[in-house]
Amino acid sequence: MQSQKDTAAEDAESTAIAVLAWLAGEPELLSRFLALTGVDPSAVRAAATNLSFLAGLVDFLMGHEPTLMAFCEATGTKPEQVVRAHASLSGSAHGGGW
């Protein structure tokens, strides 16, 4: 049986992967995200297994409300789900650190 903490972490990671999938269909936004992070496009697949990279994806959305709302509308995701993912991946749901 999974703990609530494990389920929340999996949900957060799934949300971040959904953000990445959505960004893949938004070339201008993806280019901006990659430029901000310094991640080479060829390294995205490997980076997607890194929690810091996943946190960065969600943080990218949280930093610009119109982008957040465009993602939510396009994917049927509630903004609250993104907020929870952001809290979980950024560490604020864990007392400020991993």
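The rules behind the values
Residues numbered from 1 in each chain as written. Predicted model: local features only at pLDDT ≥ 70, side-chain atom pairs only at ≥ 80, totals over all residues. Heavy atoms only, no water. Helix = DSSP H or I, 4+ residues; strand = E, 2+ residues; numbered from the N terminus. Buried < 20%, exposed > 50% of the residue type's maximum accessible area, 1.4 Å probe, protein only. Contact = heavy atoms within 4.5 Å. Core = buried A, V, L, I, M, F, W, Y, C linked by side-chain atoms within 4.5 Å. Arc of directions from axis to C-beta. Polar contact = N/O pair within 3.5 Å; in protein donor to acceptor, adjacent residues only side chain to side chain.

A short note on the overall build of the chain
Along its length, the chain carries 6 helices and 0 strands. If you list the helices and strands of the chain from N to C, you get α-α-α-α-α-α. By residue count, 33% of the 98 residues in the chain fall in the buried class. Counted over contacts in the chain with a minimum sequence separation of 6, partners at least 24 positions apart contribute 59%.

Some remarks on the nonpolar core
Soluble globular proteins: nonpolar side chains tend toward being buried together. With 26 residues, the main nonpolar core has Leu-23, Phe-53 and Leu-57 as its most contacted residues. The set of elements that each furnish at least two residues to this core consists of α1 (4-24), α2 (27-37), α3 (44-47), α4 (51-62), α5 (65-75) and α6 (79-90). The leading source of residues in this core is α4, at 7 residues.

A closer look at α5
Where α5 is concerned, the buried positions are Thr-67, Leu-68, Phe-71 and Cys-72. One side of α5 holds all its buried residues, which, seen down the axis, span an arc of 135 degrees. Exposed residues lying more than 90 degrees from the buried face of α5 are Glu-65, Pro-66, Glu-73 and Ala-74. The first or second residue beyond α5 is Gly-76, which carries a positive phi of 70 degrees.

Concerning the side chain of Thr-77
Looking at where Thr-77 falls in the secondary structure, it is placed in the loop between α5 and α6. In this structure Thr-77 comes out as buried when scored by relative accessible area, which is 14%. At a separation of 2.7 Å, a polar atom in the side chain of Thr-77 contacts the side chain of Thr-75. Dropping the residues within four chain positions of it, Thr-77 is found in contact with Phe-71, Cys-72 and Val-82.

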